[in-house]
Amino acid sequence: MKTVCVVGASLAGLLTARALRSQGYGGRLVVVGAEEHRPYDRPPLSKDFLKGVIGESDLALEGGGEQQDIDWRLGVAATGLDATARRITLSDGTSLVADGIVIATGAAARTLPGTEALRGVHTLRTLDDARALRADLATARRLVVIGGGFIGAEVAATARELGLDVTLVESGEAPLAAVVGPTMGRVIADLHERRGVRLVRHAYVTEVTGTDRADGVRLADGTHLPADVVVVGIGAVPSTGWLHGSGVELGDGVLCDEGGGTSAPGIVAVGDCAAWYDPVRGRHHRVEHWTGARQRAAVAAATLLSAGTARPEPARPAYFWSDQFDVKIQFIGHAGDADTVTVEEGDPADHSFLAAYRQGDRLVAVLGVNQVRLFTRWRRHLETAPVQTG
Amino acid sequence: MIPVCPLASLPRGEALRLDVVDPPIAVFHTDEGDILAIDDTCTHQDASLADGWLEGCEIECPLHASRFNLRTGEVDAPPAKRPVRVHQVVVENDVIHVVPSDAPPNLPPGVTLKGQA
């Protein structure tokens with residue numbers, strides 16, 4: 001291969017570019033990024049960066065003096081792909097032809113239809129989003145957060161710590177319930193309520209009110225929640241629009257084999273935009289976690305350089321963390337596989353405990369709340385247990 | 001030279017945090033039998049590396065999975081970007097001692113030495 005083009009300049013793109021170099025690729029390496037910024041770390045955008053504890057330079061993913069001999073094409077989005085010719089068209093009207101392509105365009109925040117023209121309504125995915133939200137929160141008194149996923153729960157906690165009056169509107173039983181399950185979701189809910197976040201559960205938003213600027217959120221039961229700022233945290237959609245008609249097979253994201261190979265030769269996909277085949281679960285799915293992108297970059301690079309003959313090691317179970325108030329939440333595995341959840345150490349009422357999720361007597365997931373050392377031990381136990389199929 | 005603990009009380013595969021110094025130091029006894037010491041605080045965010053996953057001569061940060069080499073202090077991949085300091089270990093009369101490094105520590109943003117703003 002003489003030219004490899006990585007489309008996407010965030011975590012997955014950067015780490016795959018690095019892995020290509022460390023695995024011996026010496027040809028031309030182009031990295032295309034739709035944002036103007038060099039690769040930066042997104043998780044702090046809803047936490048320490050929003051709070052003002054860290055600055056933009058702290059977000060950089062590249063170390064000082066790092067030299068990977070990369071041709072950066074930043075501020076330019078990919079707009080189309082011809083998978084047979086391996087030709088990428090770009091938003092500046094130029095195109096690139098490569099021998100190998102890495103699709104790492106990530107995902108975009110899902111927006112609430114009808115709110116596009118209203119000032120004071122935010123999603124949070126990019127550095128520019130975080131700058132705008134931080135500036136808006138600085139003069140706001142009341143925040144309504146729509147959605148109790150990671151972004152919603154973290155923004156609610158941060159804004160509360162900044163002294164705002166915060167209401168979190170959740171369509172389900174509790175924040176994070178979709179990932180940690182309803183029982184432990186109630187523990188997260190308790191954490192928020194004890195710190196003064198007003199939780200509205202089982203609620204559906206019908207509109208964000210206001211003419212030029214948002215002034216509140218109306219719910220299906222008629223309730224009106226006044227707000228100076230509204231944050232919409234209702235998930236993300238894979239950024240694969242530019243691949244329609246390209247010849248690369250799409251589903252919920254770019255469909256890949258268990259090594260990241262797409263349906264087109266010489267093209268791999270990694271990160272939030274990619275749905276890798278999971279042999280244990282027997283289906284494709286997207287792993288929208290930081291550590292998923294991190295672990296899979298080296299595998300995707302090996303698949304590309306070996307033309308698909310490299311045998312990937314089995315993927316490690318999905319791991320994620322979240323910081324809310326002074327609480328560190330860590331989770332590994334799949335809560336949905338469990339039929340029992342038991343507290344093994346500590347007490348949920350103290351917001352310091354470890355919970356084990358089991359299917360029969362098999363451990364399938366672990367939740368740690370302010371139990372970092374213990375979580376490492378349990379995580380090790382989970383990851384080194386023999387993988388069962390089916 | 002700071003005494004840490006008797007050799008026998010740090011079995012292979014285990015780690016401990018030495019809090020009498022600031023910033024704290026983590027001491028590891030690897031599965032291969034080496035005793036090695038580095039700064040305990042991850043250079044990315046306030047996390048104790050002694051709580052992490054020890055594998056060979058590397059410790060994986062318990063929070064965000066950057067791996068630090070216990071001999072060189074170097075880090076493999078983000079989110080951490082800067083190395084941790086390494087400290088000399090001396091075992092004398094079956095007691096582990098640490099000789100703290102003179103180099104300035106690479107503390108994460110928001111973490112300062114005690115007594116400093």
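Draft legend 1. Structural detail: the overall build of chain B. For chain B, the helix and strand inventory stands at zero helices and nine strands. Relative to the 2.2 N^0.38 estimate, which gives 13 Å for 117 residues, the radius of gyration of chain B is 13 Å and therefore close to what a compact globule would have. Expressed as lengths along the three principal axes of its C-alpha atoms, the size of chain B is roughly 40 × 30 × 20 Å. Relative to its 117 residues, chain B shows a buried fraction of 36%. Here the contacts in chain B between residues at least 6 apart in sequence split such that 42% fall between residues at least 24 apart.

Draft legend 2. Region of interest: the interface of chain B and chain A. Counting residues at the interface gives 15 residues for chain B, matched by 15 residues for chain A. Tallied by class, the residues present in the side of chain B that touches chain A amount to nine nonpolar, four polar and two charged.

Draft legend 3. Broad picture of the domain arrangement of chain A. Per the domain assignment, the segments of chain A are domain 1 (3–108 + 236–305), domain 2 (111–232) and domain 3 (326–384). For domain 1 of chain A and domain 3 of chain A, the distance between their C-alpha centroids amounts to 31 Å.

Draft legend 4. Region of the structure containing the sheet that holds strand 1 (residues 2–6) of chain B. Residues and elements named next belong to chain B. Taken together, six strands build an open sheet; the order of strands is 1-9-8-4-3-2 and the sheet is antiparallel. The sheet is open, and its two edges are formed by strand 1 and strand 2 (15–18), each paired on a single side. Neighbouring strand axes in the sheet, compared pairwise and without regard to direction, differ in orientation by 30° on average. Sheet topology note: the strand 4 (residues 35–39)/strand 8 (residues 86–92) ladder contains two bridges and is antiparallel. Paired with I38 across the two strands is V86, which belongs to strand 8.

Draft legend 5. Representation of the sheet that holds strand 21 (residues 274–278) of chain A within the structure. All names here are of chain A. With mixed pairing, the four strands of this open sheet are ordered in space as 18-19-21-22. Both outer strands of the open sheet, strand 18 (250–251) and strand 22 (283–286), are each paired with one neighbouring strand and no more. Where strand 18 lies against strand 19 (residues 253–256), two bridges are found, and the strand directions are antiparallel. If you follow L250 over to strand 19, its bridge partner there is V254.

Draft legend 6. Structural context of the pairing of strand 16 (residues 229–232) of chain A. Residue and element names in this part refer to chain A. Alternating positions in strand 16 separate into two faces, V229 and V231 on one and V230 and V232 on the other, with burial throughout. The sheet contact formed by strand 9 (residues 121–122) and strand 16 spans two bridges and is parallel. Within strand 16, the residue paired with H122 across the bridge is V231. Note that strand 10 (residues 142–146) and strand 16 share four bridges and pair parallel.

What counts, and where the lines are drawn
- Residues numbered from 1 in each chain as written.
- Chains lettered and ligands numbered in written order.
- Predicted model: local features only at pLDDT ≥ 70, side-chain atom pairs only at ≥ 80, totals over all residues.
- Helix = DSSP H or I, 4+ residues; strand = E, 2+ residues; numbered from the N terminus.
- Rg over C-alpha atoms; globule rule 2.2 N^0.38 Å.
- Buried ≥ 20, exposed ≤ 12 C-beta atoms within 10 Å, placed from the backbone.
- Contact = placed C-beta atoms within 7 Å.
- Nonpolar A, V, L, I, M, F, W, Y, C, P; charged D, E, K, R; others polar.
- Domains from an automatic or database assignment.
- Pairing = 2+ DSSP bridges.
- Axes fitted to C-alpha atoms, helices over the stretch in contact; angles between N-to-C directions.

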